[in-house]
Amino acid sequence: VLALTATATEKVAADILQILDLGKASVFKGSYHRKQITYLIQKSENKMANLINIIQRKEAPGIIYINKRKLADVLSKELKKHEIPCEIYHAGLEYKEKEKSAKSWLNSNQHWMIATSAFGMGIDKANVRTIVHFHVPSSMEEYYQESGRAARDGNKAESIIIFKSVRTPSKRPIFLSVIERRLYR
């Protein structure tokens, strides 16, 4: 039996071994860190303008991760106003729409994909150069998993989080607070 996962936590890995009854299985584990990806955080009071600026300076194809389906249409319209080709993908789309969107993006080197976390499983596009998180991911695992969709060809790429200041500490993802403390000492 072979069980594979790219971003399992220690607890999930232990659960996999137990559920599959693998006993004394050999476990091969590497780091989440991918040296060819540069991880950036950009604080912004105008996230849309910042996003457009990033996209206009970066090579496509890229992925823009969002946390709400409704935002996909908003961002798509805004990108198209700036003549930036894009597709949308989220769980609320019909199967045929998702398939058409994914195929269009996979077959183009010019398109950006605007997607929720529903996009990515099984997607293997080697030349993705930029991942943008329009919202702060809910966990470090989610961030690394989505960021890991870039640079699969071994060339340099960037993963960028755009965030607006949050005045309420309880609403800040813990990992963002940790990263900020390290960056702004």
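Coordinates for the structure precede this section.
Residues numbered from 1 in each chain as written. Predicted model: local features only at pLDDT ≥ 70, side-chain atom pairs only at ≥ 80, totals over all residues. Heavy atoms only, no water.

Engineer: Looking at this structure, I do not really get the sheet that holds strand S3 (residues 86-89). What am I missing?
Structural biologist: By definition, the strands of a sheet pair up through backbone hydrogen bonds, in either a parallel or an antiparallel sense. Read across the open sheet, the 6 strands follow the order S1-S6-S5-S2-S4-S3; overall the sheet is parallel. Pairing within the sheet leaves two strands with one partner each, and these edge strands are strand S1 (37-43) and S3. If you compare each strand with its neighbour and ignore which way they point, the axes differ by 15° on average. The pairing of S1 with strand S6 (residues 157-163) spans 7 bridges and is parallel. Residue Leu40 lies in a different strand from S6, and its bridge partner there is Ile160. Each of S1, strand S2 (62-65), strand S4 (112-115), strand S5 (130-133) and S6 is contacted by helix H2 (residues 47-57), which is oriented at about 170° to S6, the strand it contacts most. With respect to the sheet, helix H4 (residues 95-106) is in contact with S2, S3 and S4, its orientation differing from that of S3 by roughly 140°. (Pairing = 2+ DSSP bridges. Helix = DSSP H or I, 4+ residues; strand = E, 2+ residues; numbered from the N terminus. Axes fitted to C-alpha atoms, helices over the stretch in contact; angles between N-to-C directions. Contact = heavy atoms within 4.5 Å.)

Engineer: What should I look at first to understand the nonpolar core in this one?
Structural biologist: For soluble globular proteins, nonpolar side chains are generally found buried alongside one another. Core analysis: the largest hydrophobic core is formed by 22 residues, its most contacted members being Leu51, Ile64, Ile66, Leu75, Leu79, Ile114 and Phe134. Elements supplying a minimum of two residues to this core: H2, helix H3 (69-81), S3, S4 and S6. Of the residues forming this core, the biggest block, 5 residues, is contributed by H2. Look past the residues within four positions of Phe134 in its chain and what remains in contact with it is Lys47, Met48, Leu51, Ile64, Tyr65, Ile66, Leu71, Leu75 and Ile162. Within the second largest apolar cluster, 15 residues are counted, among which are Tyr65, Ala115, Val128 and Ile131. (Core = buried A, V, L, I, M, F, W, Y, C linked by side-chain atoms within 4.5 Å. Buried < 20%, exposed > 50% of the residue type's maximum accessible area, 1.4 Å probe, protein only.)

Engineer: What am I meant to see in the pairing of S5 here?
Structural biologist: A regular strand places its side chains so that they alternate between the two faces of the sheet. Burial along S5 is two-sided: the residues Thr130 and Val132 and Ile131 and His133 are all buried. In the sheet, S2 pairs with S5 via 4 bridges, with the strands oriented parallel. Across the sheet, the residue bridging to Tyr65 is His133, located in S5. For S5 and S6, the ladder comprises 4 bridges, and the chain directions are parallel.

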